[in-house]
Amino acid sequence: LALPDGFSPQLQFARLVRDAISSVPQEFAPAEYVRKQVQVQAEAGGQVALLPKGTALQQYIRSILLFMSTSADEHAARTQAGDSAAPPDAAVDFDELTQSYRWRGPTGEHADAELRRLEVLHFERFVSQHGGVVSGSGGARGLHAPIRSQKAALTLPPGSAEQLAFFQREEAMRYSSPNQAWVYTLRDGSQSSVSPIGKKSSAVGKAREHFLLRPERPPSVTLLALVRDAAARLPGGEGSRADVCELLKESQYLIGGVNDAQISQVASGALDRLHQEQDPCVTYESERKVWIYLHADRQASDFHALPLSKKSKVASLL
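Remember, predicted model here, so these are calculated numbers, not experimental data.

The rules behind the values
Residues numbered from 1 in each chain as written. Predicted model: local features only at pLDDT ≥ 70, side-chain atom pairs only at ≥ 80, totals over all residues. Heavy atoms only, no water. Helix = DSSP H or I, 4+ residues; strand = E, 2+ residues; numbered from the N terminus. Buried < 20%, exposed > 50% of the residue type's maximum accessible area, 1.4 Å probe, protein only. Polar contact = N/O pair within 3.5 Å; in protein donor to acceptor, adjacent residues only side chain to side chain. pLDDT = per-residue confidence, 0-100. Contact = heavy atoms within 4.5 Å. Pairing = 2+ DSSP bridges. Axes fitted to C-alpha atoms, helices over the stretch in contact; angles between N-to-C directions. Parallel < 35°, antiparallel > 145°, perpendicular 65-115°, else oblique. Left-handed = near helix turned anticlockwise from the far one by under 90°. Nonpolar A, V, L, I, M, F, W, Y, C, P; charged D, E, K, R; others polar. Phe/Tyr/Trp six-rings, centres within 6.5 Å; stacked < 30°, edge-to-face > 60°.

## Details of the environment of aspartate 19
With respect to the helices, strands and loops of the structure, aspartate 19 is situated in helix α1 (residues 13–22). Since its relative accessible area comes to 30%, aspartate 19 is described here as partly exposed. For the pair aspartate 19 and glutamine 37, spaced 18 residues apart in the sequence, the C-alpha separation amounts to 8.9 Å. Looking at aspartate 19, its side chain comes within polar contact range of the side chain of arginine 15, at 2.6 Å.

Here's what the structure looks like:
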């Protein structure tokens, strides 16, 4: 397997993931424990300096966990035409009920070679989607290299029925306490925080009528809030507008039969409004045509320390 530009042979996040999962006596290792162990060992082992320039360590950890928990069929669906590398099968299982990982990857004498293959394939995928500075002559220049593919179209693999049901349970709990910050659990087991809906939101009363929203929904459910939640659930914290639309369509509060044009128009307007808030939760990178979610790693106290007046005013527009 040819090494991509900028890849260091010392990069070993796949091994760190395996070691973190294997370090617990039980079959499944808690997701938060795995992420923390990988972070600690990566920092101690000098791995951060080997990442593409401008890459946050937690972002890379979330990315490789998602990559290693993705099936070969899902990898194949996301791989660009002309890519000759065989897609890897999932090396870890993620259990949504217990929020934990189980190792199912390579063992034995060929384990090191297969882990290196996973490392290379993930690095190549990460740089193609996120950009990065790579070293050596002929390498890409700038934080987001234009020679890489742009993530402008839909890139999300379809979720399972179990994943959809899990999200909708979390969504219902989120809107039952609209004045509290919420933390969503993503498909790869990582977590992403979202702000309270606003000071004047309520879990009781009657919702305002909207032609795209179910009339029996909680009154705190607005399209702006749903789009914010969809952006928060983007894998790795970023994606195209089409990705946001796909995640938005998973909400239980949308009416049935909504067409893609309506969803796209609503998402476009809401993303622009979120981008203009006093404390914006998203930003847009025009070169790669991606929306980036900014609040994933915030604590609840971070949201409550910020003024919500402007947020509430913007929410009232939808």
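## Some details on the confidence of the model for the chain
Mean pLDDT over the chain stands at 81; residues scoring 70 or higher make up 80%. Segment residues 306–318: pLDDT under 50, and 25 contacts once partners within four positions in sequence are set aside and those in other chains are kept.

## Some words on helix α8 (residues 241–248)
Here α8 has its buried residues at Asp243, Val244, Cys245, Leu247 and Leu248. Taken together, the buried residues of α8 touch α7 (223–232), β6 (238–239) and α9 (260–275).

## Describing the pairing of strand β2 (residues 92–95)
Direction of pairing for β2 relative to strand β3 (residues 100–103): antiparallel, over a ladder of four bridges. The residue bridging aspartate 93 from the neighbouring strand is arginine 102, located in β3. Where β2 folds back on β3, the antiparallel hairpin that results is connected by four residues, among which glutamine 99 adopts a positive phi of roughly 55°.

## Regarding the packing of α7 against α8
With their axes 8 Å apart at the nearest point, α7 and α8 run at an angle of 115° to one another. The orientation of α7 relative to α8 falls into the category roughly perpendicular. For the element pair α7 and α8, the recorded crossing hand is right-handed. Residues Leu226, Val227, Ala230 and Ala231 of α7 pack against Val244, Leu247 and Leu248 of α8.

## With respect to the side chain of serine 251
In this structure, serine 251 sits in the loop between α8 and α9. Looking at serine 251, its side chain comes within polar contact range of the main-chain nitrogen of tyrosine 253, at 3.1 Å. Apart from residues no more than four positions distant in its own chain, serine 251 is found in contact with Phe167, Gln168, Glu171 and Leu226.

## A look at the packing of helix α6 (residues 161–176) against α7
What describes two packed helices is the angle between their axes and the distance between those same axes. At a minimum axis separation of 13 Å, α6 and α7 run at an interaxial angle of 130°. On the basis of the axis angle, α6 is oblique to α7. Where α6 crosses over α7, the handedness of that crossing is right-handed. Residues Glu171, Arg174 and Tyr175 of α6 lie in contact with α7, whose contacting residues are Ala225, Leu226 and Asp229. Considered class by class, the residues forming the contact of α6 with α7 number three nonpolar, no polar and three charged.

## Quick notes on the environment of phenylalanine 166
Relative to the elements of secondary structure, phenylalanine 166 occurs in helix α6. In the structure, phenylalanine 166 is positioned 69 residues away from leucine 97 in sequence and 8.4 Å away in space, judged by C-alpha atoms.

## Let's talk about α1
Taken across its ten residues, α1 has seven buried, putting it largely inside the fold. By the burial criterion, the buried members of α1 are Phe13, Ala14, Leu16, Val17, Arg18, Ala20 and Ile21.

## Focus on the sheet that holds β2
Read from one edge of the open sheet, three strands run β1-β3-β2, paired in antiparallel fashion. Two strands in the sheet have a free side with no partner beyond their single neighbour: β1 (29–30) and β2. Here two bridges tie β1 to β3, and the two strands are oriented antiparallel to one another. Bridged to alanine 29 within β3 is tyrosine 101. Seen against the sheet, α1 touches β1, β2 and β3 and runs at an angle of roughly 105° to β3.

## Topic: the packing of aromatic side chains
Across all of its chains, the model carries eight aromatic pairs by this definition. For the pair phenylalanine 13 and tyrosine 60, a centre-to-centre distance of 5.0 Å together with 65° between the ring planes defines the contact as edge-to-face. In this pair, phenylalanine 13 is assigned in helix α1 and tyrosine 60 in helix α3 (residues 57–68), connecting sequence segments 47 residues apart. Each member of the pair phenylalanine 13 and tyrosine 60 is classed as buried. Aromatic side chains phenylalanine 94 and tyrosine 101 sit 5.2 Å apart centroid to centroid with 50° between the ring planes, which places their arrangement in the tilted category. Since its relative accessible area comes to 17%, phenylalanine 94 is described here as buried. Taking relative accessible area as the criterion, tyrosine 101 reaches 0% and is therefore assigned buried.

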